[in-house]
Amino acid sequence: MSATTIETSEYATSYLTDGFTLRSWLLTTDHKRIALLYLGSITFFFFIGGAAAALIRYNLIVPEGMIASAETYNRIFTMHGVVMVWFFLIPAVPVTLGNFVVPLMLGARDLAFPKLNLISWYLFIIAGMVVVYSLFVGGVDTGWTFYTPLSSEYSNGHVVATVVAIFIAGFSSIATGLNFIVTIHRLRAPGMTWYKMPVFLWSLYATSVILVLATPVLAMTLILLGFERIFRVGVFDPALGGDPLLFQHLFWFYSHPAVYVMILPGFGVVSEIIPAFSRKRIFGYNFIVWCSISIAVISFLVWGHHMFVAGTSIYSAMVFSILSYLVAVPSAIKVFNWLGTMHKGYIRFDAPMLYALGFIGLFTIGGLTGLFVAALGADVHLTQTYFVVAHFHYVMVGGMVSAFFAGLHYWWPKITGRMYPEMWGRLGALIIFIGFNLTFFPQFILGYLGMPRRYHSYPPEFEVLNVLSSAGATILAVAYLLPLAYLTWSLLYGERAPANPWGATGLEWQTQSPPLTENFDETPIVTDPPYNYPPPEVVPHRV
Amino acid sequence: MTAHFRNLLVTWVLLLVLLAAEFGASFLPLARSARPLILIPVVLMVAAVGTMFMQVGRGPTIVRLFAVAALLWLSALLGLGILDPMTRIEYHVQDASRK
Amino acid sequence: MSETSLPHGFQYSNAGHQSGTAISGMWLFLATEVLFFGAIILSWIYCRHWNPAGFDAGAQKTQLAIGTINTVILLTSSLVYSAGLAFIEAGNRRRLIQCCVITWALGFSFLILKFGLEYYKDFSANLFPGSDFAINGALGGGARLFYVFYFVSTALHGIHMIGGLVLVGWIILRARRDEFTPLYFTPVAVVGLYWSFVDVVWIVLYALIYLVGRGS
């Protein structure tokens, strides 16, 4: 179990060797194989959304816009938003790491509904094909938020096609969330009470609550939008008696909790990595797990903060502003929990830990800047500027993407049976941190100075900051391509991984790497609390 | 007839009675803003179907957790959602008409 | 055959464990449906709030008789299906099949009345909110919005009903193949939950469509 010697172990049999035909992969109900199918899919969409981001930053190198007309630019940032939100960020950790790890962590042999799991992947693929089709025929120019009346009436883009793609992807999410909730309730190994579950499971549970309760509202919203666009009926058109804010209320009722879908799994991943690489029990377990649940609940009550300047009543705006400050509290508590875990721990700076530390720093900045925009008065100045863009990219990219890479590296040995090259892993984490800050920190300043978002050109005085941001984006691009390269390399040439390369606690590390199809030879029986590391005094560490 | 079948039948009769009540109430000359009170029998009917036909009391505890969660979240959607139109200052236009 | 020796999926400890999980899964799915229809209910509230006179004017042109008959049909179908479930729990396969067939027939009648008769009348009266909508003038906008709600919500409900008919039909087929016993009837219970829920949705829609805007 020591992490200092890595045994070479040949595992002739695993879930990867259990069938080599295409059919055995495309018709699998094994949660581990489905996780890999998803991993390939979301990586594909990540690079499409990334290509759009590259075009955005390339265009903004010069004030008049480098390549695109305003109309084209609108379609580019819409594509970036739609693909990144629905085809990367929302699925990412739950469908890849979640699908793979949840049954293992629970001591179960699979999810509650394995066939539903496969169906959810096929729904995702169908949705993906529709969105790729809609991009090929020209995309849509409304922004990922589809505000009416642009989306319902005036847009010349392919609104209906894009909306159909998102609708289908939504059902994929609901299926995944439903599966996780039922699995966590019903398939825990004997002895694993709720308070013995690792935090990652609590986080995915909270994520799944949001997925199942928020996504259906999006589904209905998109149906109404489609109906409005096709029949021009006026549900969202004030000239015909409708209310454009109805669309925004319905849209944000889903989309605000959706951003917590994007970040909660990241919290969970980091909550696994910090104890493992500090060799210490997580600090304040009860707090951190109940904070996950509180975030899931309160996240449903704050959506109006996206609509402060939209024309809602001031009383409604005030209520939403106060509630938004409330939702920040549990997230902040988690940051203290992670820091408390590291305090007096025996810390190793392996790649997963570097990514996790990057997450803590970047997420904290992003989260704090959320407080700026949650304040009514400040938001009037900051909304629709690059300040907001920087805020959400700090939490989503700096936070979530870092956490995704952290988890990917952490569980890579378990998933593939191979170790990635450690030096390259650490280098990648460092480059991401540098590239990310260079890309997005200038955007806080740009937003404060008043540069609006979603404009293909800008006043010349903003040029320097924009160039810095675009330079950072090229560094980020390298940082994202690097793991693609060395992780792929490791599949063929990486060292064989032992069952528990990190010496971590958790049931997933008690089985071989990669696991057998049925996960465990015998159903494990849980007696220990989670993160059962020896107390710090026992473990030697440098003074 | 066993108790359970009798309960099902009684529930059905209750549902029809509530249906008749709301049907009748819809013809009362209530003020426009008071007309949603007609929905009170609806709540009772939903409760009856949920408890007697769908047997929400049976099955694992999480069944009741899911049912309560659904109602709570629906309340959040409708409650916070109507806060805005109820408190928005209206700049009155004619009832909308098609051009 | 005792419950412990009934077949079950490999990830479950016994058949009862799997059965309880299936029931839980369906309830969770129904919770998602509550939010799905909840969104259009919010739209009903908004549209009626901003256009009270027109919205109710539209509601007054709905087919109250057909709607009420359909409500009685669905309530009865819920009763009958629940009875069928109780029958198979007591071991009476024949009665289960009879109840499911009656349920299916009632559901099918609902669809015929709704989409065959009522929609036909609505379209003939130019109540579809298209270019030649029947109500114009000051009340036209609100009435049009009412009919958006009416057509979208009843169409969606109808799609759910069709799904329900497929499921009940599947239960009939499986029951005829003698697959259900007093120890194993989980699919019957799960389909029953779905069927009764579709009934619940109709109970709410019925009042919002046919009753609230009537009178006055």
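Numbering of residues begins from 1 in every chain and follows the order in which that chain's sequence is written. Here the convention is simple: chains get letters from A, ligands get numbers from 1, in the order in which they are written. With pLDDT at 70 or above as the cut-off, local features in this predicted model cover only qualifying residues; side-chain atom pairs require 80 or more to be listed or tallied, and sums for whole chains, interfaces and linings still use all residues. Derived side-chain values reflect all non-hydrogen atoms in the structure, with water molecules and hydrogen atoms excluded from consideration.

With that settled, the discussion passes to a negative patch on the surface. The grouping of A:D18, A:E518, A:D521 and A:E522 at the surface amounts to a negative patch. In this structure, A:E522 sits in the segment after helix 16 (463-493). Patch membership needs two things, relative accessible area over 30% and no salt bridge, and members are linked within 9 Å if like-charged or within 5 Å if nonpolar (Val, Leu, Ile, Met, Phe, Trp, Tyr). What sets the accessible areas is the Shrake-Rupley method with a 1.4 Å probe; for residues, cover comes only from the shown protein chains. By salt bridge we mean one thing: a side-chain nitrogen of Lys or Arg within 4 Å of a carboxyl oxygen of Asp or Glu. Positive charges come from Lys and Arg, negative ones from Asp and Glu, while His and the chain ends are left out of the count. Charge placement uses NZ in Lys and CZ in Arg. For Asp and Glu, CG and CD serve respectively. Strands here mean DSSP runs of E at least two residues long; helices mean DSSP runs of H or I at least four residues long; both are numbered from the N terminus.

The next point concerns the packing of aromatic side chains. All names here are of chain A. Each pair of aromatic rings taken from Phe, Tyr and Trp, with Trp reduced to its six-membered ring, is defined by centres within 6.5 Å and is described as stacked if the planes are under 30 degrees apart, edge-to-face if over 60, and tilted in the remaining cases. Scanning the entire structure with this criterion turns up 75 aromatic pairs over all chains. Ring geometry for F200 versus W411: centroids 5.0 Å apart, planes at 45°, classification tilted. With F200 in helix 8 (residues 199-231) and W411 in helix 14 (residues 386-416), this residue pair connects regions lying 211 residues apart in the sequence.

Attention now moves to the interface of chain B and chain C. Any two residues whose heavy atoms approach within 4.5 Å at even a single point are treated as in contact. At the interface, 49 residues of chain B touch 60 residues of chain C. Taken together, chain B and chain C are joined by two salt bridges. Among the ionic pairs, B:R32 bridges to C:D56, the shortest N-O distance being 3.0 Å. At the level of elements, helix 1 (3-25), helix 2 (40-53) and helix 3 (61-87) of chain B are the ones that each hand at least two residues to the side of chain B that touches chain C. By residue number, the principal contributor to the side of chain B that touches chain C is helix 3 of chain B, which donates 14 residues. Residues are grouped as follows: Ala, Val, Leu, Ile, Met, Phe, Trp, Tyr, Cys and Pro are nonpolar; Asp, Glu, Lys and Arg are charged; all remaining types, including Gly, are polar. Across the side of chain B that touches chain C, the residue classes tally to 34 nonpolar, six polar and nine charged.

This part covers the confidence of the model for chain C. The predictor attaches a confidence to each residue, called pLDDT, with possible values from 0 through 100. For chain C, mean pLDDT is 93; residues scoring 70 or higher make up 97% of the total. We note a pTM of 0.94 for the whole complex and an ipTM of 0.94 for its interfaces.

Chain A puts 33 residues into the contact, and the matching count from chain C is 33 residues. In short, buried area is how much 1.4 Å probe accessible area vanishes from two parts on joining, totalled over both. Together chain A and chain C conceal approximately 2900 Å² of surface at their shared face, both sides included; 78% is due to carbon and sulfur atoms. Counting the surface chain A buries against chain C, the share from its top three residues, A:R186, A:M220 and A:F227, is 21%. Where chain A meets chain C, there are zero salt bridges.

On to the side chain of A:H185. With respect to the helices, strands and loops of the structure, A:H185 is situated in helix 7 (residues 159-186). Among the polar contacts made by the side chain of A:H185, one reaches the side chain of A:Y205 at a distance of 2.7 Å. Sequence-distant contacts of A:H185, that is, excluding residues within four places in its chain, are made with A:W194, A:Y205, B:I62, B:L65 and B:F66. We define a polar contact as two N or O atoms separated by no more than 3.5 Å, with the added condition that, inside protein, one atom must be a possible hydrogen donor and the other a possible acceptor, whereas residues neighbouring each other in sequence contribute only through side-chain atom pairs.

Residues and elements named next belong to chain A. Structurally, G366 can be placed in helix 12 (residues 351-374). The spatial distance from the C-alpha of G366 to the C-alpha of H393 is 7.6 Å, given a sequence separation of 27 residues. The residues touching G366, leaving out its near neighbours within four places in the chain, are H391, Y394 and V395.

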